[in-house]
2 protein chains.
Amino acid sequence: MAAHPVSPLAPKSYPDLPEIDGVRFATAEAGIKYKNRTDVLLMAFAEGTVAAGVLTRSKCSSAAVDWCRANLPGGKARGLVVNSGNANAFTGIKGKESVQQTAEIAAKALGCSTDQIFLASTGVIGEPLDASKFAGVLDETATRMAATPWIDPAKAIMTTDTYPKLSGAVLEIDGVEVKINGIAKGSGMIAPDMATMLSFVVTDMPIAAEVLQALLVKHNQTSFNAITVDSDTSTSDTLLAFATGKARVEPILSLEDPRAEIFGQALSDVLFELAIHVVRDGEGATKQVSVHVEGAVSDQSAFRIAKAIADSPLVKTAIAGEDANWGRVVMAVGKAGEPADRDKLAIRFGDLVVARNGERADGYDEAATSAYMKGEELELTVSLDLGEGAATVYTCDLTHGYITINGDYRS
Amino acid sequence: MAAHPVSPLAPKSYPDLPEIDGVRFATAEAGIKYKNRTDVLLMAFAEGTVAAGVLTRSKCSSAAVDWCRANLPGGKARGLVVNSGNANAFTGIKGKESVQQTAEIAAKALGCSTDQIFLASTGVIGEPLDASKFAGVLDETATRMAATPWIDPAKAIMTTDTYPKLSGAVLEIDGVEVKINGIAKGSGMIAPDMATMLSFVVTDMPIAAEVLQALLVKHNQTSFNAITVDSDTSTSDTLLAFATGKARVEPILSLEDPRAEIFGQALSDVLFELAIHVVRDGEGATKQVSVHVEGAVSDQSAFRIAKAIADSPLVKTAIAGEDANWGRVVMAVGKAGEPADRDKLAIRFGDLVVARNGERADGYDEAATSAYMKGEELELTVSLDLGEGAATVYTCDLTHGYITINGDYRS
């Protein structure tokens, strides 16, 4: 794969995430596909760590996703192995064997049972993944485990990503500092309908697995599930959260615990920041776009309309061309199949009203709108004036870069 | 709008369609948006001509579509006015007035009532269309009506199309020659879910309006409704059929008439050829792709899966890169949300089996597959092995050309 230029929307610097008690990791170069870069991450969790996760709803999910789906109900985790370069998806019985073998190698290296090992693979779909490549690598990696720096695991899981994605939160609960660290990868094949691409979040918060799961599902909806790069849903979408429970506070055992709300908000912030990074590193992206829909008959209806706009190649190419082409926004509203009354529609770019009551707004200012479109972060709002439903979907523009990246990905 | 290079998939020559008794037309340069090309078509039908049509299901349909929807139940047509360069969509009350005014001008020029005038507009969405531009133009155009050449109307309705689209059929019914001529435009914003872009078909067959309507709806399903360029559904999709009844045969008054089947098949051939032209002139297209899905639980399920594959930007960019990336086909099957068993899936490119039983096929030949991908017309088949459902969707690849065309369409 050719190296692609770093996204112009990449951050100027990366957060220096703190250690989290009970979490250690190391990365390695297994040479699965890439040369001269790390492509394997081994992460170890202290005994007592609980796990939660949401996984792709793809009907063709990868072998690693199937593995996680089987282990999640146990709610316990001791290890995580992630490789990049090969998704081990659509690899049949060989894929299942490869996953089993990898879990056995990792369980042995970490001294735990295989049902406490979580796995994720990302990269090319359909190529068999040779698990024997992991054997020596994981054993060696297990001898180098450390608690920082977090940029290393963020880098090891990248595929077409042009920059590593990290986010963390430190909050105070019962006067004690509790930490949440998260990493993510993803750049194309991003439309995580009900799930997400690869992201891993760890915390030292003592929390019951069911509560962590409930919070993860809830906040995933407005973060990873609210982004789209290209409307294509991955076979490997995986978001896992691990809580070591090492922070010296009483555990959260129920959603009724008022601290669940506080912890959940911090978790939400981390998920949201990671999700936005995925959009900002969307393949070929030059602009970040927030699509707001308000006044819909329901939140779900608003979401579907926002998604139709954010998925529309014509809307996205117009944005790439810095063209406030709200006619294409109307088109996308029309194709969403949700209740909409053309003659009540209003559309704003930023604070600029471009259309009102189903036609170009009086006093529409083409020059001001064009100037607005030159920005890197754009807000696009559609008001339907039918009800109280609202939703936001985050996306990027569609440029030549996307075509270049995806026209030669395998070669 | 910049001129774009002619599609490499354009035909080497255009059919010289015959006169159809009862149909006359002329085109003109009204200067609505384009310079130095025709942008208005006026077509006149003999008294007794019946009309049928299918229109976009977009919730934000254009004023012209609304007009046709109101007139279609009457089943009678005397005139058709089409303009290119401005879609008169999302133009509010001004759009309705413009449509009314245009119909009045045309009705006066042709000596009929406005409810027998059909209208279609295509081009930019959201710009008010000044109907006064039509006044002198339509009167003058009406003085130059002729029965040929059909390439003139095909050219006048083009927008980003790089070549005019025509198709005709001549069939024998009761020993009499009956003719069907059709034209279409469309290149982007093509995903005519339940309807189509602009296409007009005329015939001299005597046929009841209800029968013509039933045949049109039926055959639209496997032609225009089975294509996608970019998954974006137009506000202006319109397919109209007009039958002058001038052929000297007994009219078809019911679908039970065995001649309805014969006539329907010829109509189907014309619609299908026009639809394929739209795909071959898809914005930026360099390859035509037929996506077949078989073994689905139902035809509808097969169609949804085929559509998900044909709409996938990752599948389409891979095809542009001549990469037999069947992993992306698996991804698209998985995201379709329809029943599919990963471990039963088989995928073929042409006759080359690339995947079987949910993994890469034994004896997969990368060299042969790569050679196949260099072709201009590709067949991609997914077998689900679940039932008898089958469907085909036609699409094109996604290239830099699409981005170039749509990044600067308005400017």
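Procedures and definitions
- Residues numbered from 1 in each chain as written.
- Chains lettered and ligands numbered in written order.
- Predicted model: local features only at pLDDT ≥ 70, side-chain atom pairs only at ≥ 80, totals over all residues.
- Heavy atoms only, no water.
- UniProt positions renumbered as here; feature names shortened; annotations may be inferred.
- Helix = DSSP H or I, 4+ residues; strand = E, 2+ residues; numbered from the N terminus.
- Rg over C-alpha atoms; globule rule 2.2 N^0.38 Å.
- Buried < 20%, exposed > 50% of the residue type's maximum accessible area, 1.4 Å probe, protein only.
- Contact = heavy atoms within 4.5 Å.
- Polar contact = N/O pair within 3.5 Å; in protein donor to acceptor, adjacent residues only side chain to side chain.
- Pairing = 2+ DSSP bridges.
- Axes fitted to C-alpha atoms, helices over the stretch in contact; angles between N-to-C directions.

- Looking at an unreviewed UniProt entry, one finds chain A named Arginine biosynthesis bifunctional protein ArgJ, with Devosia marina as its source organism.
- The annotation that UniProt attaches to chain A under Subcellular location (unreviewed entry) is "Cytoplasm".
- Listed under Sequence similarities (unreviewed entry) in UniProt, the entry text for chain A is "Belongs to the ArgJ family."

## Brief notes about the overall build of chain A
Then comes step 1: In terms of regular secondary structure, chain A is built from 11 helices and 16 strands.
Then comes step 2: A compact globule built from 411 residues would reach a C-alpha radius of gyration of about 22 Å, and chain A, at 22 Å, matches this within 12%.
Then comes step 3: Per-residue burial over chain A gives 64% buried out of 411 residues.
Then comes step 4: Across chain A, the fraction of contacts at a sequence separation of at least 24, relative to all contacts at a separation of at least 6, is 81%.

## Some details on unusual backbone geometry
Then comes step 1: Backbone torsion omega between T148(A) and P149(A) reads -10°, so that peptide bond is classified as cis.
Then comes step 2: On the secondary structure map, P149(A) appears in the loop between α3 (132–141) and α4 (151–156).
Then comes step 3: A positive phi is found at N36(A), a non-glycine position, where the angle reads about 60°.
Then comes step 4: Mapped onto the fold, N36(A) is located in the loop between β1 (23–28) and β2 (40–45).
Then comes step 5: The backbone phi angle of D174(B) is positive, close to 55°, even though this residue is not glycine.
Then comes step 6: Mapped onto the secondary structure, D174(B) falls in the loop between β6 (165–173) and β7 (176–185).
Then comes step 7: The exposure class assigned to D174(B) is exposed, which follows from its relative accessible area of 52%.

## A short note on the environment of H277(B)
All names here are of chain B.
Then comes step 1: Along the chain, the position of H277 falls in helix α6 (residues 258–280).
Then comes step 2: Judged by its relative accessible area of 11%, H277 is buried.
Then comes step 3: Excluding residues that lie within four positions of it along the chain, H277 makes contacts with P11, Y163, K165 and L166.
Then comes step 4: A polar contact of 3.1 Å, which involves the side chain of H277, links it to the side chain of Y163.

## As for the sheet that holds strand β7 (residues 176–184) of chain A
Residue and element names in this part refer to chain A.
Then comes step 1: Across the sheet, 5 strands lie side by side as β3-β10-β8-β7-β6; this open sheet has mixed pairing. In this open sheet, the two strands that pair with only one neighbour each are β3 (50–55) and β6 (165–173). Taken over all neighbouring pairs, the strand axes of this sheet differ in orientation by 15° on average, direction set aside.
Then comes step 2: Examined bridge by bridge, β3 and strand β10 (residues 238–243) share 6 bridges and lie antiparallel to one another. Of the residues in β10, the one forming a bridge with A52 is A241.
Then comes step 3: In this fold helix α5 (residues 209–221) packs onto β3 and β10, with an angle of close to 30° to the strand it touches most, β3.
Then comes step 4: Where helix α6 (residues 258–280) meets the sheet, its contacts fall on β6, β7, β8 (198–203) and β10, and the angle it forms with β6 comes to roughly 165°.

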